[in-house]
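What follows is the residue order along each chain.
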Amino acid sequence: VGTTQDLADCVLEHKANMVEGITSLYAIHLLVYYEVFHAAGPALLRQADLRKLHSRLKLHLIEQMNPDWHDIYDHIAQGNERPCPLGHFERLAVLI
């Protein structure tokens, strides 16, 4: 779970293992869920809440937006953001 103002670049860095941590350690390279906010404050609060969630609830969130667990990175990288559950299209995102 993290926040970024440039979702496509952030995901690309993780896919290329340019960021040390759990994503490179366990080769986690799919973007399957994100939420978008208008400002950093609410995004950071949501990030903190998501980090506290039980994994079962995180799975439920993912499956509401992306039931087939498709990698939605290509769609984002082409500038075709999918509507998130909140219906916003701003750049600040919370990723699981």
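Everything numeric in this text was worked out from a predicted model, so none of it was measured. (Residues numbered from 1 in each chain as written. Predicted model: local features only at pLDDT ≥ 70, side-chain atom pairs only at ≥ 80, totals over all residues. Heavy atoms only, no water.)

**Some thoughts on the environment of L31**
Residue position: L31 is located in the loop between α2 (22–25) and β2 (34–37). Take L31: its relative accessible area is 3%, and that puts it in the buried class. As for L31 and H14, which are separated by 17 residues in sequence, their C-alpha atoms are 9.8 Å apart. (Helix = DSSP H or I, 4+ residues; strand = E, 2+ residues; numbered from the N terminus. Buried < 20%, exposed > 50% of the residue type's maximum accessible area, 1.4 Å probe, protein only.)

**Looking at helix α3 (residues 40–52)**
For α3, with 13 residues, the first-to-last C-alpha span of 19 Å sits near the 18 Å given by 1.5 Å per residue. Where α3 is concerned, the buried positions are A43, Q47 and L50. Viewed end-on, α3 has its buried residues packed into an arc of 70 degrees, placing them on one side of the element. Turned more than 90 degrees away from the buried face of α3, the exposed residues are L45 and K52. (Expected span 1.5 Å × (residues − 1). Arc of directions from axis to C-beta.)

**Quick notes on the pattern of salt bridges**
Counted by the stated rule, this structure contains two salt bridges. Ionic pairing is found between K15 and D71, a salt bridge with its closest N-O pair at 2.6 Å. In this pair, K15 is assigned in helix α1 (residues 7–15) and D71 in the loop between α4 (55–65) and α5 (73–77), connecting sequence segments 56 residues apart. On the basis of relative accessibility, which here comes to 25%, the residue K15 falls in the partly exposed class. Overall, D71 belongs to the partly exposed group, its relative accessible area being 30%. (Salt bridge = Lys/Arg side-chain N within 4 Å of Asp/Glu carboxyl O.)

**Regarding unusual backbone geometry**
At A27, a residue that is not glycine, the phi angle is positive and equals roughly 50 degrees. Relative to the helices and strands, A27 is located in the loop between α2 and β2. Although it is not a glycine, W69 adopts a positive phi angle of roughly 55 degrees. Mapped onto the fold, W69 is located in the loop between α4 and α5.

**Section: α4**
Those residues of α4 that sit buried are K58, L61, I62 and M65. One face of α4 carries all of its buried residues, which in axial projection span an arc of 95 degrees. Exposed residues lying more than 90 degrees from the buried face of α4 are R56 and Q64. In this structure, the buried residues of α4 make contact with β2 and α3. (Contact = heavy atoms within 4.5 Å.)

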